[in-house]
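# Residue-level structural notes
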Amino acid sequence: MIGRKKTPVEPEPQPVETVGGKGRPTPTRKQAEARNRRPLVPDDRKEARRIAREKRNEAYTRQRQAMITGDERYLPLRDKGPVRRYARDYVDARWSIAEFFMPLALVMIVAMMFAGQFPQLANALVLGMYGVLLVAIVDSLVMVQILKRRLRSRFGADQIPPWTGFYAFGRSFYFRRMRQPKPQVARREYPS
């Protein structure tokens, strides 16, 4: 083309030679296959089943004990980590209307069984139960927003596992004694 400036051609970079390696020879196919070979079915199936059952029971016992003591090593994946512990401690430290919804709903259901002869009373009980549920949901949603703000300031937004807000919301609806893992903090003992 006429009138175009030619761009200077830059020399290509030379490849860098690496010295070293993995420090051992590559195993032959025969050696790799021998290393990976193991029986598909154990010789003594009863013994293998018994050992598997013992391992499963031991893991289950460790997990149940961790649910009581709060030991992070053996908790299920959904409860592991410092963010989830902070969320649990925050929910357990506060009084919430949601934790009293289930016992109150049970009392209202029993009362409705006897209020069949009084329809006005039954309607009032149903409306009261819906009112308590609505207040409990609003209270828990406000708690989740405050918790999320605290988690972002303490751990950073990228460290918060997904569904942590829903985890705290669901935990707030359980009666304190029935929560799993067991509460590790007293009331009004908020995490710092």
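Residues numbered from 1 in each chain as written. Predicted model: local features only at pLDDT ≥ 70, side-chain atom pairs only at ≥ 80, totals over all residues. Heavy atoms only, no water.

### As for the overall build of the chain
We apply this condition: Here a helix means four or more residues in a row that DSSP labels H or I, a strand means two or more in a row labelled E, and each is numbered from the N terminus. Taken over C-alpha atoms, the radius of gyration is set against a globule rule of 2.2 Å times the number of residues to the power 0.38. Here's how the labels work: a residue is buried when its accessible area is under 20% of the maximum for its type, exposed when over 50%, partly exposed in between, all with a 1.4 Å probe on protein chains only. A contact between two residues is defined here by any heavy atoms of the two lying within 4.5 Å. When charges are counted, neither His nor the chain ends are considered; positive counts come from Lys and Arg and negative counts from Asp and Glu. Each charge is placed at NZ for Lys, CZ for Arg, CG for Asp and CD for Glu.
For the chain, the count of helices and strands is six helices and zero strands. Its helices and strands in sequence order give the chain the pattern α-α-α-α-α-α, from N to C terminus. In summary, the chain has a C-alpha radius of gyration of 31 Å against a globular reference of 16 Å for 192 residues, an excess of more than 25%. Here the C-alpha coordinates of the chain stretch approximately 95 × 80 × 35 Å along the principal axes. The burial tally for the chain puts 25% of its 192 residues in the buried class. Considering only contacts within the chain whose residues lie at least 6 apart along the sequence, 69% involve residues at least 24 apart. Charged side chains in the chain number 38 positive and 18 negative. The centres of these two groups are separated by 3 Å.

### Looking at a nonpolar patch on the surface
Counted only if it meets this: Patches here are clusters of residues that have more than 30% relative accessible area and form no salt bridge, with a 9 Å joining cutoff for like charges and a 5 Å cutoff for nonpolar side chains (Val, Leu, Ile, Met, Phe, Trp, Tyr). Per-residue and other accessible areas follow the Shrake-Rupley method at a 1.4 Å probe size, with only the shown protein chains counted as cover for residues. Any carboxyl oxygen of Asp or Glu within 4 Å of a side-chain nitrogen of Lys or Arg constitutes a salt bridge here.
Taken together, Trp-95, Phe-100, Tyr-174, Phe-175 and Met-178 make up a surface patch of nonpolar side chains, about 560 Å² in accessible area. Among the structural elements, Phe-100 can be located in the loop between α3 (82-93) and α4 (101-114).

### Some remarks on helix α6 (residues 164-172)
Taken across its nine residues, α6 has seven buried, putting it largely inside the fold. Of all the residues in α6, the buried ones are Thr-164, Gly-165, Tyr-167, Ala-168, Phe-169, Arg-171 and Ser-172. Close packing links the buried residues of α6 with α3 and α5 (119-155).

### Digging into α3
Here is the rule we go by: Expected span of a helix, by definition, is 1.5 Å for each gap between consecutive residues, and there is one gap fewer than residues.
Here α3 contains 12 residues, and its C-alpha end-to-end distance of 16 Å stays within 8% of the 16 Å for a straight helix at 1.5 Å per residue. α3 sits mainly inside the fold: 10 of its 12 residues count as buried. Along α3, the residues classified as buried are Val-83, Arg-84, Tyr-86, Ala-87, Arg-88, Asp-89, Tyr-90, Val-91, Asp-92 and Ala-93. Packing partners of the buried residues in α3 comprise α5 and α6.

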